[in-house]
Amino acid sequence: MAFVLGHEIAEPSCAEDDALADKIQQYWVAFAAHGDPNAGGHGLPDWPGYSAGEPKMITLDHSVSATAVLRAPLYDIHDHWLRRTCAQLPNSPSASAKL
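Residues numbered from 1 in each chain as written. Predicted model: local features only at pLDDT ≥ 70, side-chain atom pairs only at ≥ 80, totals over all residues. Heavy atoms only, no water.

### A short note on the pairing of strand S2 (residues 64–68)
Threshold: Should DSSP find at least two bridges between two strands, the strands are taken to pair. Labels follow the DSSP assignment, with helices taken as runs of H or I lasting at least four residues and strands as runs of E lasting at least two, numbered in each case from the N terminus.
Taken together, the five bridges between strand S1 (residues 56–60) and S2 define a ladder with antiparallel strand orientation. Among the inter-strand pairings, Met 57 is bridged to a residue of S2, identified as Thr 67. Between S1 and S2, which follow one another and run antiparallel, lie three residues.

Next comes the structure, spelled out in structure tokens:
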């Protein structure tokens, strides 16, 4: 959270950490203002949207890049389990649809 709120609130930082905090804050501001972390023309790499066919993620480090999700099958298993579990909850929309 220190990078989101301003890295100077945490331990002493270096120039690379300050630059990363600035990039993360630009994504957050764009998302808060426009509902899209890529809006606003901040010049950062595009934050990829979710696609089951080609899952990608953003890597926020001293260099920012979009990369393939390495453990996508594990996330698919978790997503399936979570949907099934939530559907069994009494007030779940999918549970009431079955009635």
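### Quick look at the environment of Gly 40
Quick reminder of the rule: Between buried and exposed lies partly exposed: a residue is buried under 20% and exposed over 50% of the maximum accessible area for its type, with that area taken using a 1.4 Å probe on protein chains only.
With respect to the helices, strands and loops of the structure, Gly 40 is situated in the loop between helix H2 (15–34) and S1. Under the relative-accessibility criterion, Gly 40 is labelled exposed at 68%. Each C-alpha atom of the pair Gly 40 and Val 29 lies 9.0 Å from the other, and the pair is eleven residues apart in sequence.

### Considerations on the packing of aromatic side chains
Selection criterion: Any two of the Phe, Tyr and Trp rings considered here, Trp counted by its six-membered ring, make a pair once their centres fall within 6.5 Å; the pair's planes then place it as stacked at under 30 degrees, edge-to-face at over 60, or tilted in between.
A complete count under the given rule lists one aromatic pair for this structure. Plain terms: the ring middles of Tyr 27 and Trp 47 are 5.2 Å apart, the flat faces sit at 80 degrees to each other, and that makes the pair edge-to-face. Of the two residues, Tyr 27 is situated in helix H2 and Trp 47 in the loop between H2 and S1; the sequence distance between them amounts to 20 residues. Owing to a relative accessible area of 32%, Trp 47 belongs among the partly exposed residues under this scheme.

### Overview of the side chain of Asp 17
So the rule is basically this: Within this scheme the basic residues Lys and Arg register as positive and the acidic residues Asp and Glu register as negative, but His and the chain ends are omitted. We define a salt bridge as a contact between a side-chain nitrogen of Lys or Arg and a carboxyl oxygen of Asp or Glu at a distance within 4 Å. Polar contacts here mean pairs of N or O atoms no more than 3.5 Å apart (in protein, one a potential hydrogen donor and the other a potential acceptor; neighbouring residues in sequence count only if both atoms are side-chain atoms).
Along the polypeptide, Asp 17 turns up in helix H2. For the buried Asp 17, which has no salt bridge, the nearest side chain bearing the opposite charge is Lys 23, at an N-O separation of 10 Å. A distance of 3.0 Å separates the side chain of Asp 17 from the side chain of His 62, its partner in a polar contact.

### Section: the environment of Asp 61
Within the element layout of this structure, Asp 61 appears in the loop between S1 and S2. For the pair formed by Asp 61 and Lys 23, sequence separation is 38 residues and the distance between their alpha carbons is 9.7 Å.

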